[in-house]
Amino acid sequence: MKKTKLSLLDQINNPTDLKKLKRSQLPQLCDELREFIIETVSRHGGHFGASLGTVELTAALHYVMNTPYDQLIWDVGHQAYGHKILTGRRDTFHTNRKHKGISGFPRREESVYDAFGTGHSSTSISAALGMALAAKLSGQHDKQHIAVIGDGAMTAGMAFEALNHAGASDTNLIVILNDNCMSIDQNVGALKDYLTHLTLTGTYNKFRKNVGKTITKLPLVGERSKELLHRTKSGIKSMLSEQANFFEALNLRYFGPLDGHDVLKLVETLQYMRHIPGPKLLHVITTKGKGYAPAEQEKTLWHFPGLFDKVTGKIQKAIIDGPQPPKYQDVFGHSVVELAERNDKIVGITPAMLSGSSLKFMMEKMPERTFDVGICEQHAVTLAAGLATQGMTVFCNIYSSFMQRGYDQLVHDVVLQQLPVIFCLDRGGLVGEDGATHHGIYDISYSRCLPGLIISAPMNESELRNLMYTAQLSGLTQPFMIRYPRGQGVMPNWRTPFRKIKIGTGRKIREGRDLAILSFGHPGNFALEACEELEADGVNVALFDMRFVKPIDKHLLHHVFQHYRQLITVEDGTIIGGLGSAVLEFMAINNYHADVRILGVPDRIVEHGKVTELHKECGFDKDGIKAVVKEMLQQERIIQKLVKHESL
Ligand SMILES: Cc1ncc(C[n+]2csc(CCOP(=O)(O)OP(=O)(O)O)c2C)c(N)n1
Ligand SMILES: CC(=O)[C@@H](O)[C@H](O)COP(=O)(O)O
Ligand SMILES: [Mg+2]
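Model, not experiment: these values are computed from the prediction. (Residues numbered from 1 in each chain as written. Chains lettered and ligands numbered in written order. Predicted model: local features only at pLDDT ≥ 70, side-chain atom pairs only at ≥ 80, totals over all residues. Heavy atoms only, no water.)

A.B. asks: Give a detailed account of the nonpolar core, specifying residues and quantitative values.
C.D. replies: Of all hydrophobic cores here, the largest spans 52 residues; its most connected members are F423 and F561. If one sorts the elements of this core by residue count, helix 17 (residues 377–389) sits on top with 6 residues. The residue makeup of this core includes at least three contributed by each of domain 2 (328–483) and domain 3 (508–647). Discounting chain neighbours no more than four positions away, the residues touching F423 are V381, C396, M403, L410, V414, F480, M481 and I482. Among the nonpolar cores identified, the runner-up in size contains 49 residues, and F48, L61, F93 and I276 belong to it. (Core = buried A, V, L, I, M, F, W, Y, C linked by side-chain atoms within 4.5 Å. Buried < 20%, exposed > 50% of the residue type's maximum accessible area, 1.4 Å probe, protein only. Helix = DSSP H or I, 4+ residues; strand = E, 2+ residues; numbered from the N terminus. Domains from an automatic or database assignment. Contact = heavy atoms within 4.5 Å.)

So, in structure tokens, the structure goes:
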């Protein structure tokens, strides 16, 4: 049987194999790598456009650099599929983001080639600089440290903090700025405009590089020639560019802008750069979704398209009968527009998640009152605080895990000044395939300890609307947090009339005799299903939706502890410091005694997988709740029998 010729990609199980290729073979390798990513993501899902945009850069980096000795860090990491495939994970790549499969982001524990775990943006330069300083202190002067960071990730404060330090540290650091003019949505801000200017006035750099090459051909006589070289170039720089290059102003040697899809040019440039000491920045221009027309044309949609037909470019839509409940994010997005249409003090803020949060609806309708601030959560929070001091009603929408980035601003700028900012924390709870970096499971804990912060979670879409409506009513004098999960709610007919909710009140969902469940947010629906199924087995369980974890409904808790000996709390968040802890605190303070089980996310790192798999794994899905009810009641029966026996 004719043996099919192995493709180049099939021959590459690590970068050592890659280095065996002739340079002239690299363009073909890139074509094969791009096709492999398209094929696999079309069938298995995952982030898409970003990895297509870095195919050539990935191949060039692993061809030139001595990975894993040289440290290579991928910022955000959603663009590292090519890196994973070339570093020994080609044959497991189909398990990407799947339960017990490889992660969708670089992970140190997954591969020696993953120098640093990423997932939240803008950490790469700091991490690479840390590694570079360690190498310098250990005398590893030949070691390279490369941070690949996008133009979106470069807008974050910590990227600038790192650049500020890098420019003052004489280390072997290469920052590669992958500039595709995109974040998830269009990139925003003055830096984006500057990079465009830099790209358009590329003359300076090309000319400087040619001058540089000519001079370096002169017989180098040590420092004298280097000094001459540097003086000549700085003279040229001031002559050619009316403004100094921003990065050079911070003392990073700037190279570029370079065509980020010209793999041979990238190889040549990286080889040249790796021999130049000190911090450097290579500015490459790429196209997000490169090589797959639909992804090049609709970059935001193809950032994360889901499954698709790679031939037709048709994205698969789940076919489910009957009316479907909306995504919570869309309920937020449409409801904030409804509220803003009747309250002109309302403004909206998102740190670079315009589409993800659905604040895009408000941007479309009232752009002058909607602010996409870039990947700048810290700035978003304090911007909101500033707006609130002037009487604006601010809906600041930040994914729960990304809010971790703005925690000090929440404490210092909002809570300590008791400013009435409304924080809508989307992706509150386990998120699924994005995994540990993106699970929004600490927000209940990290906010419950803050004085004067109202913390709420809707059980469904109608409740979300009512909480949003209540929060924006005039007279709010405290910060107000509303957290809700990724994905759909439970109400196809969700556009219910706004209704004011009394802050700090829970609500009884169903009566019960044997045991009471206290839920917070969307998991109340899992508990309701469990109660209804248990009813069929003659088990009669009460359900209360707490709705607020701060201020907690003390009246309701007194009622529950006075009528039930067994309680279960359910929340989509860590069990440390969440609703369950609040209930136990109340029980102790008021000297009640009951058998309380706390269901939620256990105190360990929860990886990636379908969100239903993770709910099951953590034990707070419908079946998990049912099992705990039965076990508790069984235990109660045994205790009752023992007590009865002893009394005879
Ligand atoms: C702290 C943080 N905020 C927001 C995000 C969500 N996010 C993931 S990728 C991305 C855009 C990144 O843009 P860029 O760095 O330019 O990479 P590109 O997708 O263009 O390759 C954003 C906002 C994140 N991962 N981390
Ligand atoms: C890479 C990244 O951080 C974002 O793309 C994130 O994965 C978006 O999450 P959602 O899909 O929940 O909007
Ligand atoms: Mg970008």
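A.B. asks: Describe the site of ligand 1, listing the residues and the values that go with them.
C.D. replies: For ligand 1, the set of nearby residues contains 22 residues, the closest of which are H78, G152, M182, K288 and E377. Separating a nitrogen atom of ligand 1 from a side-chain N or O atom of E377 is a distance of 2.8 Å. Isolated, ligand 1 exposes 590 Å² of accessible area, and the fraction of that covered by the protein chains is 98%. Grouping the amino acids of the shell around ligand 1 by side-chain chemistry returns 9 nonpolar, 9 polar and 4 charged. If you count residues domain by domain, the shell around ligand 1 takes at least three from each of domain 1 (9–202 + 243–303) and domain 2 (328–483). (Near = heavy atom within 4 Å. Polar contact = N/O pair within 3.5 Å; in protein donor to acceptor, adjacent residues only side chain to side chain. Areas by Shrake-Rupley, 256 points an atom, 1.4 Å probe, with all protein chains shown as cover. Nonpolar A, V, L, I, M, F, W, Y, C, P; charged D, E, K, R; others polar.)

A.B. asks: So what's going on with the sheet that holds strand 4 (residues 253–259)? Residues and values would help.
C.D. replies: Picture the strands of a sheet paired through backbone hydrogen bonds; they go either parallel or antiparallel. Ordered by their spatial adjacency, 5 strands build an open sheet running 1-2-3-5-4, and the pairing between neighbours is parallel. Each edge of the open sheet is held by one strand with a lone partner, namely strand 1 (71–74) and strand 4. With direction set aside, neighbouring strand axes in the sheet form an average angle of 15 degrees. One ladder, built from 5 bridges, connects strand 4 with strand 5 (residues 280–285); its direction is parallel. Note that in strand 5 the partner of Y254 across the bridge is L281. (Pairing = 2+ DSSP bridges. Axes fitted to C-alpha atoms, helices over the stretch in contact; angles between N-to-C directions.)

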